[in-house]
Amino acid sequence: MSHPPVRRALVRRLPVAAACAALSLGAAAQANPYYLQLQQSFTHDTNLFRERDGQEDSDLISTTGLEVGLDQPISRQRLRARAHVERNRFRDNDHLDNTSYGVGVRADLETVNRISGGLHYNHERNLASFDTYTGSVHLTERNMIRRQDYGARIQYGGMSLLTLEAGYVHRDQKYSADAFQNREQRSDTVQAGVRYRPSDLVGFGLAGRYTRGRIPHYTPTEGDKYKRRDLDLTATWVPTGLSTLNARVSLTSTDHDLAEARDFDGVTGAISWRYQPTGKLTLNLHLVRETNDETGFYLAEPETPDEPPQLATLQETKLIHSARLSATWAATAKIRLTGGVRHVDRNIRVTDGRGSDRTTTAELGASYAITRSILFGCNVGWVQRDTSSGAASVSYDYSSRTASCLARLTLN
């Protein structure tokens, strides 16, 4: 089952339940490529709109979801597809009631002549998260975000010492709220490079990346265009069968026509480390340093603690630093415990001010697979944001607590 680079509705506040379901699906997919999921979740949020301390508005959210999917090998190829729809209802803020949905398709292709590649397409519609708003725009109305991305990649060389790689990605995001039109963004990225693998334990890569983007409604009368250039140095190291380290360091240059405050020349990058000291315990560490033109689609919580951060929306951010540590413990064949902590530091630049804030998120959950098809899980979370002095025009302090429970039925 593929995982498109978008967050689903509020049901995705339950990473623990999703983790167990993914495991059972993976095993079943070998016998039956199709699956169907029915799920119901309830989430209580003590600060739904992420208001300032003392102005909190709590609510209970019900999410009813249906998902169908396919994971089918075809000779040397592999086709993955999924479609989902959720109905989200708010007990006290029914003006936020909405239907979210999404589709995703991914094809992995391979030939006999050391040529491989793939195609992907994703389209999602969700309620925009209140977590990422800045002080310049804060809404309590329903604001739906539509995200679309598609692309292609090709590789020549197979498992040889040197391989050539190239790819293309298009991204597009739109909001339903008029106040967010200046955050709508489109971009096209092309990249090409070479990868060197002297052994199965280590590999290095060098690639160039070029992005052209547009913010169509940056001002009421004019759009902003930008160009980004990256030189990516990558490395993969597998010191033992229990540990894998991936790293990227990029020399990045971004130039905007209108939003000159977001221009950037410097170093960006990411590090991910996965360590499995025992058969039951898995640890994951993710470190990221990025600019607004990438964080505009990056850094949501992943669907399971074992996965890297998904794409999300963090607009009006010139530079962001993120650190995330998560753990998964399979206590028994049916019981799984998860936990995670993430810290995000944003350097914000908007037309009416500048400043920085720091957001810390923690989650703890458990799930129980009653049978192969039925799973139940609960999750608790905590969010705290603190701002720097003089940042009142762009951000503010807040805190929130969440508690969720989910029941899921999977049919194969």
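These lines cover the structure that appears in this document, whether it is placed above or below. (Residues numbered from 1 in each chain as written. Predicted model: local features only at pLDDT ≥ 70, side-chain atom pairs only at ≥ 80, totals over all residues. Heavy atoms only, no water.)

A few points about the overall build of the protein
Where we set the bar: Helix and strand definitions here come from DSSP, where helices need a minimum of 4 consecutive H or I residues and strands a minimum of 2 consecutive E residues; each element is numbered from the N-terminal end. When a residue's accessible area, from a 1.4 Å probe over protein chains only, is under 20% of the maximum for its type it is buried; when over 50% it is exposed; and in between it is partly exposed. The criterion used for residue contact is that any of the two residues' heavy atoms lie within 4.5 Å. The method behind every accessible area is Shrake-Rupley, applied with a 1.4 Å probe, and residues are considered shielded solely by the protein chains displayed.
Regarding its fold elements, the protein presents two helices and 18 strands. Put simply, the protein has 412 residues, and 47% of those count as buried. Considering only contacts within the protein whose residues lie at least 6 apart along the sequence, 58% involve residues at least 24 apart. Carbon together with sulfur atoms contributes 59% to the accessible area of the protein, which is approximately 18700 Å² in total.

Observations regarding the packing of aromatic side chains
The geometry of two aromatic rings is summed up by the distance between their centres and the angle between their planes. We apply this condition: Centres within 6.5 Å are what make two rings of Phe, Tyr or Trp a pair, Trp counting through its six-membered ring; a difference in plane orientation under 30 degrees is then read as stacked, over 60 as edge-to-face, and the rest as tilted. Two conditions define a charge located above a ring, namely a distance within 6 Å from the ring centre to NZ of Lys or CZ of Arg, and an angle within 35 degrees of the ring normal.
Applying the stated rule across the entire model yields four aromatic pairs. Judged by centre distance (5.1 Å) and plane angle (80°), the rings of F49 and F130 are edge-to-face. One end of the pair, F49, is in the loop between β1 (34–45) and β2 (59–74); the other, F130, is in the loop between β5 (115–127) and β6 (144–156), and 81 residues separate them in sequence. For the pair formed by F49 and F130, the shared burial category is buried. Here the guanidinium or amino end of R52 rests over the ring plane of Y396, the centre of that ring lying 4.2 Å away. Above the ring of Y396, the side-chain terminus of R385 is found at 5.7 Å from the ring centroid.

Observations concerning a positive patch on the surface
Put simply, the rule reads: Patches were defined on residues exceeding 30% relative accessible area and lacking a salt bridge, with like-charge contacts within 9 Å and nonpolar side-chain contacts (Val, Leu, Ile, Met, Phe, Trp, Tyr) within 5 Å. What counts as a salt bridge is simple: a side-chain nitrogen of Lys or Arg found within 4 Å of a carboxyl oxygen of Asp or Glu. Only four residue types enter the tally: Lys and Arg on the positive side, Asp and Glu on the negative side; His and the chain ends are excluded. A single reference atom marks each charge: NZ on Lys, CZ on Arg, CG on Asp, CD on Glu.
On the surface, R212, R214, K225 and K227 cluster together into a patch of positive charge. Going through the elements one at a time, β9 (202–215) and β10 (224–240) are the ones with two or more residues in the positive patch. Tracing the sequence through the fold places K225 in strand β10.

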